[in-house]
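A closer look at the structure
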Amino acid sequence: LIVLFAIFASAMFKKTGTDGRQVIENCILDSSYAKGKNIFLILSQTEYKTTDEFAASLQSTLSTDESVLSAVIFLRTSDENFFRVSRIMRFNAGRDITIKQGTEGRSGNDENYIRRALYETIADEKIYQSASSAWYNIYGPAKISNFSAAVQISYSADPAGSYYAAFTQSFEKNRRYITIG
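A short tour of the structure in this document, coming up.

1. Quick look at the pattern of salt bridges
- Under the counting rule described, the total for this entry stands at 3 salt bridges.
- Its salt-bridge partner being Arg87, residue Asp52 comes within 1.7 Å of it at the nearest N-O pair. Note that Asp52 is positioned in helix α2 (residues 51-62) and Arg87 in strand β2 (residues 82-90), a separation of 35 residues in sequence.

2. Overview of the pairing of strand β1 (residues 68-76)
- Among the 9 residues in β1, 8 count as buried, and that is most of the element.
- As judged from the 7 bridges shared by β1 and strand β7 (residues 147-156), these two strands associate in the antiparallel manner. Across the sheet, the residue bridging to Ile73 is Val151, located in β7.
- With 7 bridges joining them, β1 and β2 adopt antiparallel strand pairing. Of the residues in β2, the one forming a bridge with Ser70 is Arg90.
- Linking β1 back to β2 in an antiparallel pair, the connection comprises 5 residues.

3. Quick word on the packing of aromatic side chains
- On inspection of all chains with the given rule, the structure shows 4 aromatic pairs.
- Both rings, one in Tyr48 and one in Phe54, keep their centres 5.2 Å apart while their planes meet at 75°; by these two values the pair is edge-to-face. Judged on exposure class, the residue Tyr48 and its partner Phe54 are both buried.
- Arranged with centres 5.3 Å apart and planes meeting at 5°, the rings of Tyr113 and Tyr139 form a pair that is stacked. Separated by 26 residues along the polypeptide, Tyr113 in helix α3 (residues 113-116) and Tyr139 in strand β6 (residues 134-144) bring together distant segments of the chain.
- Since its relative accessible area comes to 8%, Tyr113 is described here as buried.

4. Quick notes on unusual backbone geometry
- Look at Asn146: it is not a glycine, yet its phi comes out positive at around 70°.
- Note on placement: Asn146 falls in the loop between β6 and β7.

5. Some points on the nonpolar core
- Counting 25 residues, the largest nonpolar core has Phe54, Leu58, Ile73, Val151 and Ile153 as the members making the most contacts within it.
- Within the residue set of this core, elements represented by two or more residues are α1 (2-43), α2, β1, β6 and β7.
- Tallying contributions element by element places β6 first for this core, with 5 residues.
- Setting aside its immediate chain neighbours within four residues, Ile73 contacts Thr51, Phe54, Ala55, Leu58, Arg84, Val85, Ser86, Arg87, Met89, Ala150 and Val151.
- Core analysis: the second largest hydrophobic core is formed by 13 residues, Ile88, Tyr113, Leu118 and Tyr139 among them.

6. Some thoughts on the pairing of β2
- Where β2 meets strand β3 (residues 104-106), 3 bridges bridge the pair, whose relative direction is antiparallel. Bridging across to β3, Arg84 finds its partner in Glu104.

Rules used in this analysis
Residues numbered from 1 in each chain as written. Predicted model: local features only at pLDDT ≥ 70, side-chain atom pairs only at ≥ 80, totals over all residues. Heavy atoms only, no water. Salt bridge = Lys/Arg side-chain N within 4 Å of Asp/Glu carboxyl O. Helix = DSSP H or I, 4+ residues; strand = E, 2+ residues; numbered from the N terminus. Buried < 20%, exposed > 50% of the residue type's maximum accessible area, 1.4 Å probe, protein only. Pairing = 2+ DSSP bridges. Phe/Tyr/Trp six-rings, centres within 6.5 Å; stacked < 30°, edge-to-face > 60°. Core = buried A, V, L, I, M, F, W, Y, C linked by side-chain atoms within 4.5 Å. Contact = heavy atoms within 4.5 Å.

Structure representation (structure tokens):
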């Protein structure tokens, strides 16, 4: 009977933990998706003649938002499955960017966010963490004449990421106590 209780309690803790993490992630993503959608709506009002012109407008638009860590402009190459990193803009030194300007490659994940962002604004549903920061990404299209372009904007998730990490750590600790006890 005690073993059955421990198994039941462990399963309930796991379910509750998963639900709690999902709520935190959804709150972050819902607000950031709306913010990102507004930014891409503002930027879509103009068709830019050059990447430099678009980058300057993007820089001006994003520089007033302290939650923006970085932005990367991707241009589609002649092979529609590949993109070239045209610009990398850092708004915060805490965001580690591993790709280099001029690099060509495929959209780096199973969801093909960069490729999909040519046509719509998309929120990557994952919170990424490095030693110095936590962030999430919003992708969207850029109107640059003669180029198909997508933009990745990375927003800080540090406050929410801290809550998320503390919640996960506390939750896992309590789950182990119940399971072992």
